[in-house]
Amino acid sequence: MSKTVTIPDSEIEVSAVRSQGAGGQNVNKVATAIHLRFDIKASSLPDVYKERLLKLSDQRITKDGVIVIKSQEHRSQEQNREEALKRLQDLIQSVMVVPKKRKPTKPSYLSQQKRLDSKSKRSRIKATRRQVDE
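Every chain's residues receive numbers from 1 upward, in the order its sequence appears when written. Under the rules for a predicted model, residues below a pLDDT of 70 receive no local features and side-chain atom pairs below 80 are neither given nor counted, while totals for whole chains, interfaces and linings still include all residues. With hydrogens and water set aside, each side-chain value is computed from the structure's full complement of heavy atoms.

**As for the overall build of the chain**
Labels follow the DSSP assignment, with helices taken as runs of H or I lasting at least four residues and strands as runs of E lasting at least two, numbered in each case from the N terminus. Within the chain, the regular secondary structure consists of four helices and three strands. Its helices and strands in sequence order give the chain the pattern β-α-β-α-β-α-α, from N to C terminus. For the chain, the C-alpha radius of gyration of 27 Å lies well beyond 14 Å, the compact-globule estimate for 134 residues. The principal-axis extent of the C-alpha atoms belonging to the chain is close to 85 × 45 × 25 Å. Evaluated residue by residue, the chain yields a buried proportion of 20% over its 134 residues. Whether two residues are in contact is decided by their heavy atoms, any of which lying within 4.5 Å being enough. Of the contacts made within the chain by residues no fewer than 6 positions apart, 59% connect residues no fewer than 24 positions apart. Accessible surface area values rest on a Shrake-Rupley calculation with a 1.4 Å probe, where residue burial reflects the displayed protein chains alone. In the form shown here, the chain has an accessible surface area of approximately 10,800 Å², with 50% of it arising from carbon and sulfur atoms. In this tally, Asp and Glu contribute negative charge and Lys and Arg positive charge; neither His nor the terminal groups of the chain are included. One atom stands in for each charge, and that atom is NZ of Lys, CZ of Arg, CG of Asp or CD of Glu. In the chain, 29 positive and 16 negative side-chain charges are present, and the distance between their average locations comes to 10 Å. Note that the radius of gyration is over C-alpha atoms, with the globule rule given as 2.2 Å times the number of residues to the power 0.38. Any residue under 20% of the maximum accessible area for its type is buried, any over 50% is exposed, and the rest in between are partly exposed; the area is computed with a 1.4 Å probe on protein chains only.

**Quick notes on the sheet that holds strand β3 (residues 66-71)**
Pairing between the strands of a sheet is mediated by backbone hydrogen bonds and can be parallel or antiparallel. Sheet architecture is open: three strands sit in the order β1-β2-β3, paired in antiparallel fashion. Two strands in the sheet have a free side with no partner beyond their single neighbour: β1 (12-17) and β3. Within the sheet, the average angular offset between the axes of one strand and its neighbour, ignoring direction, is 15°. DSSP bridges decide pairing: two strands pair if at least two such bridges lie between them. Inspection of the sheet shows strand β2 (residues 33-39) paired to β3 by six bridges, in the antiparallel sense. What sits directly across from I34, in β3, is S71. Interaxial angles span 0 to 180 degrees and are taken between N-to-C directions of axes, which are lines fitted to C-alpha atoms, for helices over the stretch in contact.

**Notes on the side chain of S43**
Along the polypeptide, S43 turns up in the loop between β2 and α2 (47-55). Beyond its immediate chain neighbours, meaning those up to four positions away, S43 contacts E11, F38 and K50.

**Re the layout of surface pockets**
By volume, the largest pocket amounts to about 220 Å³. With six residues, helix α3 (residues 77-96) is the single largest residue contributor to the lining of the largest pocket. Only Asp, Glu, Lys and Arg are considered charged, only Ala, Val, Leu, Ile, Met, Phe, Trp, Tyr, Cys and Pro nonpolar, and every remaining residue, Gly among them, polar. Split by residue class, the lining of the largest pocket holds seven nonpolar, three polar and one charged. Space inside and on the surface of the protein is sampled on a 1 Å grid over the protein atoms alone, with a cavity defined as a set of points where a 1.4 Å probe fits but cannot get out and a pocket as an open set with protein on both sides within 12 Å along at least 5 of 7 lines; lining residues have an atom within 4 Å of a point. Grid points are joined across faces, edges and corners, and a volume is the space filled by probe spheres set on the points.

**What to know about α2**
Residues of α2 that are buried: Y49, K50 and L53. On an axial view of α2, the arc spanned by its buried residues comes to 105°, and they lie on one face. For α2, exposure combined with an orientation more than 90 degrees from the buried face picks out D47 and K55. Taken together, the buried residues of α2 touch β3 and α3. Summarising the geometry, the arc corresponds to the directions from the helix axis toward the C-beta atoms.

**Some details on the packing of α2 against α3**
Where α2 meets α3, the closest approach of the two axes is 9 Å, and the angle between their N-to-C directions is 105°. The angle between the axes of α2 and α3 places the two elements in the roughly perpendicular class. Where α2 abuts α3, its residues Y49, R52 and L53 lie against L91, I92, V95 and M96. In terms of residue class, the contact of α2 with α3 is built from six nonpolar, no polar and one charged. Each angle gets one of four labels, with under 35 degrees taken as roughly parallel, over 145 as roughly antiparallel, 65 to 115 as roughly perpendicular, and the rest as oblique.

Here it is, written out as structure tokens:
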């Protein structure tokens, strides 16, 4: 597998919408927020990456396998477009990293003894707190 994957611009659908929330005249008049849509199943990504993306439990991925990213942090449309593309890039790069296999290990004999000693010590401390029978 390669470390670099390029996605053609034709596979990414970018549209400008009005930003939500307070902000005055600029927000009310100018469509600066960006909606980015990327269809995982119809993309040219390698099948391995497609499977990993579809398995992710990310709220930005719909049931149909479409990544929807909305960016409205900046005042300019171009900055929001760059931010949305960066988020898409980060999401795809996160599935490119192969997770390491876990090697099951057993606790050492000494660590087991330390644990049991601390438990018995704690038990003796609590035993001294009990009521004394006369």
